[in-house]
Amino acid sequence: MPTEVILPKVDMDMATGQISRWFAEEGAKVKKGDVLFEIETDKAAMEIDAPASGTLRNVTGKERVDIPVGEPVAWIYADDEVYAPISPLRGEMPAKPTEGGAVPSTSYSVAPPSGLPAISSTRGEISQSQGPARATPLARRLAREANLDLSAIAGSGPRGRVVRADVEAAAAAKDAAASAQPAAEIPAGAPSAPAPAPKPMSDDQVLKLFAEGSYELVPHDNMRKTIARRLVEAKSTIPHFYLTLDCELDALLALRTQLNAAAPMRKTDKGEAPAYKLSVNDMVIKAMAMALMAVPDANASWTESAMVKHKHADVGVAVSIPGGLITPIIRHADEKTLSVISNEMKDLASRARSRKLKPEEYQGGTTAVSNLGMFGVKDFAAVINPPHATILAVGAGEERAVVKKGEIRIATVMSVTLSTDHRAVDGALGAELLGAFKRMIENPMGMLV
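Conventions and cut-offs
- Residues numbered from 1 in each chain as written.
- Predicted model: local features only at pLDDT ≥ 70, side-chain atom pairs only at ≥ 80, totals over all residues.
- Heavy atoms only, no water.
- Buried < 20%, exposed > 50% of the residue type's maximum accessible area, 1.4 Å probe, protein only.
- Helix = DSSP H or I, 4+ residues; strand = E, 2+ residues; numbered from the N terminus.
- Pairing = 2+ DSSP bridges.
- Expected span 1.5 Å × (residues − 1).
- Contact = heavy atoms within 4.5 Å.
- Axes fitted to C-alpha atoms, helices over the stretch in contact; angles between N-to-C directions.
- Patch = residues over 30% accessible without salt bridge, like charges linked within 9 Å, V, L, I, M, F, W, Y side chains within 5 Å.
- Areas by Shrake-Rupley, 256 points an atom, 1.4 Å probe, with all protein chains shown as cover.
- Salt bridge = Lys/Arg side-chain N within 4 Å of Asp/Glu carboxyl O.
- Parallel < 35°, antiparallel > 145°, perpendicular 65-115°, else oblique.
- Left-handed = near helix turned anticlockwise from the far one by under 90°.
- Nonpolar A, V, L, I, M, F, W, Y, C, P; charged D, E, K, R; others polar.

Q: How would you sum up the pairing of strand β2 (residues 16–22)? Please name residues and give values.
A: The element β2 is largely enclosed, with a buried count of 5 among its 7 residues. Two elements, β2 and strand β4 (residues 35–40), share 4 bridges in a ladder whose sense is antiparallel. The partner of W22 across the bridge, within β4, is F37.

Structure, rendered in structure tokens:
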């Protein structure tokens, strides 16, 4: 049998992906390991290699079209295999005809992606074996949240797979049936049932508020959909609370100037350049990492069964990219020098903007930093990025009048706000963490030892 080429899952949140471009055409000879196509997810672009050597045939995966994870996009035929076009049912390979032209009565199975039941076939008829209902990961999650039985939902996706629209339709039908039932009599004095969670306005409800022709519709891309989903998840499942304090920057700015002036020169393609150029944000990353190591109980993540205590400070840094943002991670930031953090951050930010990050470079982490100071924002509160328990929002450094020992003087001050998951970090612990960060910023020599 020819080797099936599927759309792989390259991101933990990925339910669908798009092929941004093919590097091989129908009928091309390919070797195992050759780059076949590039996947564009909501966060990155990944090159996918050929799983076998042979001739690329039956290329069904179209460019710039949402394709479910695990869906076949092409097949690779070995040199000794007879090419036969696929049937209209995606994933079914036709049986070879006999000498008389009749299709032999043979059966075979097509191995599906991990976690899905096998698809058996006899004479071109496809049937699903006993097992879990076929559904996309997103459909499974939505069905679980809506308390729906997947096996009772008819799938409209490829090969009968249950997709998001099927689950949403089943949920709407369930709600309609519930509202149509007569309300049961409630005994006097009995506690009232909790009010149902408010639902967002539908697309039609929103558009009816604006005059026709006064707007244009720009469809959401995968990145914007994922950002929206994760923000709703974060704000609805994580009990946020916020702590804000001011840090004086004058000592840090002076040290930064000294360190940059002392940077050795190195040869580059464009001539000689400093080996590093530190930014305030680089020093904020280091200070946050060291603060977490000084207050280890705050370097944690919440799970329902246990508190996850991290041994290192892996700091995610929010980077703005076209259409959204992403948080590449400085791993073991507590152990790295400022120059290493600076150069690593520049590389990650550059590849983030061109969507060339690998999943392991932006997934996970133990905390995050979001800096809007360069835009003149004085202070703000950031939304926690699960599974983190904290995120630090950094405002602009500005000259302010401060009072010291009864005297007014001018100092460069930066406001920072720590958002915390109250399940993992209580008020006092959050204040201790923020205090440790302030000490690092105001006494920056501690970051060099």
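Q: Requested: an account of helix α5 (residues 250–261), with residues and values cited.
A: Look at α5: 17 Å from first C-alpha to last across 12 residues, which is about the 16 Å you get at 1.5 Å a residue. Where α5 is buried, its residues contact α6 (280–294), α7 (338–353) and α8 (427–442).

Q: Pulling in residues and values, what's your account of the sheet that holds strand β12 (residues 240–248)?
A: Taken in spatial order, the 6 strands line up as β12-β23-β22-β21-β17-β20 in an open sheet, and their pairing is mixed. Sheet topology places β12 and β20 (329–330) at the edges, where each strand pairs with a single neighbour. Examined bridge by bridge, strand β17 (residues 315–317) and strand β21 (residues 367–371) share 3 bridges and lie parallel to one another. Bridge assignment links G316 to a residue of β21, and that residue is A368. Of the strands in this sheet, β17, β20, β21, β22 (390–404) and β23 (407–421) are in contact with α6, which crosses β21 at around 150°.

Q: Which residues make up unusual backbone geometry, and what are the values?
A: Excluding glycine, residues mostly carry a negative phi; peptide bonds, for their part, are mostly trans. Going from P386 to P387, the amide bond is cis rather than trans, its omega being 10°. Looking at where P387 falls in the secondary structure, it is placed in the loop between β21 and β22. Even without glycine at this site, N58 takes up a positive phi of about 50°. With respect to the helices, strands and loops of the structure, N58 is situated in the loop between β6 (54–57) and β7 (66–68). One non-glycine residue, R64, lies in positive phi territory at about 60°.

Q: Provide a residue-level description of a nonpolar patch on the surface, including the pertinent values.
A: On the surface, M201, V206, L209, F210, Y215 and L217 cluster together into a nonpolar patch covering about 610 Å² of accessible area. As for its placement among the helices and strands, Y215 is situated in the loop between α3 (203–207) and α4 (222–237).

Q: Residue-level account of the sheet that holds strand β5 (residues 45–49), with values.
A: Sheet architecture is open: 4 strands sit in the order β5-β4-β2-β7, paired in antiparallel fashion. Both outer strands of the open sheet, β5 and β7, are each paired with one neighbouring strand and no more. With direction set aside, neighbouring strand axes in the sheet form an average angle of 45°.

Q: Please give an account of the side chain of T55 that cites residues and values.
A: Considering the arrangement of structural elements, one finds T55 in strand β6. By relative accessible area, which is 11% here, T55 ends up buried. Look past the residues within four positions of T55 in its chain and what remains in contact with it is G27, A28, K29, W75, I76 and Y77.

Q: How would you explain the packing of α6 against α8 if you had to name every residue and give the values?
A: α8 packs onto α6 with a crossing angle of 135° between their chain directions and a minimal axis gap of 8 Å. As summarised for this structure, α6 and α8 are arranged oblique, according to the angle between their axes. Considering only the axes of α6 and α8, their crossing is right-handed. In this structure, α6 uses M283, V284, A287, M288, M290, A291 and L292 to contact α8, whose residues at the interface are L433, A436, F437, M440 and I441. Of the residues belonging to the contact of α6 with α8, the class tally is 12 nonpolar, no polar and no charged.

Q: Can you explain the packing of α6 against α7? Please cite residues and give values.
A: Where α6 contacts α7, the axes come no closer than 9 Å and their chain directions differ by 115°. The chirality of how α6 crosses α7 is right-handed. Packed against α6, whose contacting residues are D282, M283, I285 and K286, the element α7 presents L338, I341, S342, M345 and K346 at the interface. When grouped by side-chain class, the residues that make up the contact of α6 with α7 number 5 nonpolar, 1 polar and 3 charged.

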